[in-house]
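Spelled out from the first residue to the last, the chains are:
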Amino acid sequence: MSVNIEAILHPDEAFLDYVPNLFSLYSHDYGIEYIPKMTDRFYDTMYFFDSDPISTYNFCAKLKRFDIPKYVEEEYFDYIKVAKKSHKHIYSNYHSTLISFFKPKKVPIAELEQLDYSCYSTKNVSMLSNSQVPRYVKNQILKRQKDYLKKCVNLGVKPLTDSSYISILESNKRNAEREEKRYLLQNTKWGKRITRKFSNWFNEISVDNIINILSLDSSGATGRIVSSGGVRYSFVYLPVIERLKYQALDNIIFHELRHVVELGDLTAGLSVDVGDQYELINELRTEKNALRDLEALKGQVLWSQEPLPSRYRNEYKYIYSNLNLEEFFDDYCAVLNGLAVNGAISSFEASFGKDNLIKFEELLKRAYSLEKQRTIFSEELKDESAVLVKKLRENFEGK
């Protein structure tokens, strides 16, 4: 099994020990002369691999051959105690809205909180009426709706299916979740430790900044924080234990680290911070690099090289595979990486044609939106992609 349990239990130490393996690949891809620049970027970045105390405790509890560390137990029981004590107050507005909308007679609020009303959200309802959404996706939504209606009957409440009311509930719930995160950060042993960890790295980081990072729900994330004084700090967020559900943790961190070594002042590789220009072109190229890194380091496991479970999709890989972009990114890998490590956007535009790149990025955004809705790509979209790739190639070869 390509999972390193010891490394998952001690993610920071394992990560630092593993770094030389990656830099041997980077020196090949970008050139030895760029190692000092990449090293500076790498070590100027904060890496946050901690998970919430509940996930950490539960993971440790399942490992029979390991004793649960004392600090894990202390943080877990403290976190449970504080969360339980504060939950009713923090969620009072959300609970009032639930009661107002569902009008229960004698139903515990905990039961109402479990209702999956989001299965009737605008997004899910629109997916059911979209002929391009695969049947299995629709079946998942229909099953959720069936289970939700059945649960409502069992509780003796009238099902809520109006998307406008559901939007209100979802908004209220998000607000409560954010407020709870704030309270737990400020009032638990775990939260205080995490806050110290961030503060030791970022002198002027606010609680809101920390909440924003901890609220990122992607598999992994690389980003920047701008202090009140205008200083830009970079970070990588990958709560290892919480993200074990994806299994492919090495793939995820390899992707994020490619962003790190390509971070410029206003660029992230081939993507420009302002307006996220060329963001998806850059993401697809980054994922190709991550998969190449994974293949090169196959068997040298950092945390986990297990494949992504079937219930999840690698969106970037799906897009370039279904739009037949793999050959393009393979052929121009060295060129694109060279431009990316320097943040050479003007050279990138000159090489492939600015108008072509803008149109290509727009097409990828459409494809990404369709993929998020699990919509099958049309032949027209694939043809449009092929035409644009041809123009990109011709522009580059004509230089």
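Located above this text is the structure these notes cover.
Residues numbered from 1 in each chain as written. Predicted model: local features only at pLDDT ≥ 70, side-chain atom pairs only at ≥ 80, totals over all residues. Heavy atoms only, no water.

## Description of the pattern of salt bridges
Tallying each qualifying case throughout the model produces 22 salt bridges. With a shortest N-O distance of 3.6 Å, glutamate 111 and lysine 151 are connected by a salt bridge. Of this pair, glutamate 111 sits in helix H7 (residues 109-113) while lysine 151 is found in helix H9 (residues 135-155), placing the two residues 40 residues apart along the sequence. The partner of arginine 366 in a salt bridge is glutamate 384, and the shortest N-O contact between them spans 2.7 Å. Of this pair, arginine 366 sits in helix H19 (residues 354-372) while glutamate 384 sits in helix H20 (residues 379-397), and the two are 18 residues apart along the sequence. Note on glutamate 384: relative accessible area 31%, which makes it partly exposed. Because the salt bridges share partners, they merge into one network encompassing Asp12, Asp50, Glu75, Arg193 and Lys197. (Salt bridge = Lys/Arg side-chain N within 4 Å of Asp/Glu carboxyl O. Helix = DSSP H or I, 4+ residues; strand = E, 2+ residues; numbered from the N terminus. Buried < 20%, exposed > 50% of the residue type's maximum accessible area, 1.4 Å probe, protein only.)

## Quick notes on the sheet that holds strand S3 (residues 232-237)
Strand order in the open sheet formed by three strands is S1-S3-S2, with mixed pairing between adjacent strands. Each edge of the open sheet carries a strand with a single partner, namely strand S1 (45-48) and strand S2 (221-226). Ignoring which end each strand starts from, the neighbouring axes of this sheet average 25° apart. One ladder, built from four bridges, connects S1 with S3; its direction is parallel. The residue bridging threonine 45 from the neighbouring strand is serine 234, located in S3. (Pairing = 2+ DSSP bridges. Axes fitted to C-alpha atoms, helices over the stretch in contact; angles between N-to-C directions.)

## Thoughts on the packing of helix H5 (residues 70-90) against helix H11 (residues 189-201)
Contact geometry for H5 and H11: axes closest at 7 Å, N-to-C directions at 115°. Two secondary-structure elements touch here, H5 through Tyr71, Glu74, Glu75, Asp78 and Tyr79 and H11 through Lys189, Trp190 and Arg193. (Contact = heavy atoms within 4.5 Å.)

## What about the nonpolar core?
In this structure, Phe15, Ile253, Leu257 and Trp303 are the most contacted members of the largest nonpolar core, which totals 37 residues. Put simply, the parts of the chain that give this core at least two residues each are helix H1 (5-9), helix H2 (11-30), helix H3 (35-43), helix H13 (249-261) and helix H14 (279-296). A total of nine residues in this core trace back to one element, the largest contributor, which is H2. (Core = buried A, V, L, I, M, F, W, Y, C linked by side-chain atoms within 4.5 Å.)

## Concerning H5
Look at H5: 29 Å from first C-alpha to last across 21 residues, which is about the 30 Å you get at 1.5 Å a residue. Where H5 bends most, at lysine 84, the angle is about 30°. For H5, every residue scored as buried is listed here: Val72, Glu75, Tyr76, Asp78, Tyr79, Val82, Ala83, Ser86 and Ile90. The inward-facing, buried residues of H5 abut helix H4 (53-62), helix H6 (92-102), helix H10 (163-187) and H11. (Expected span 1.5 Å × (residues − 1). Bend = angle between axes of the 7 residues up to and from the residue.)

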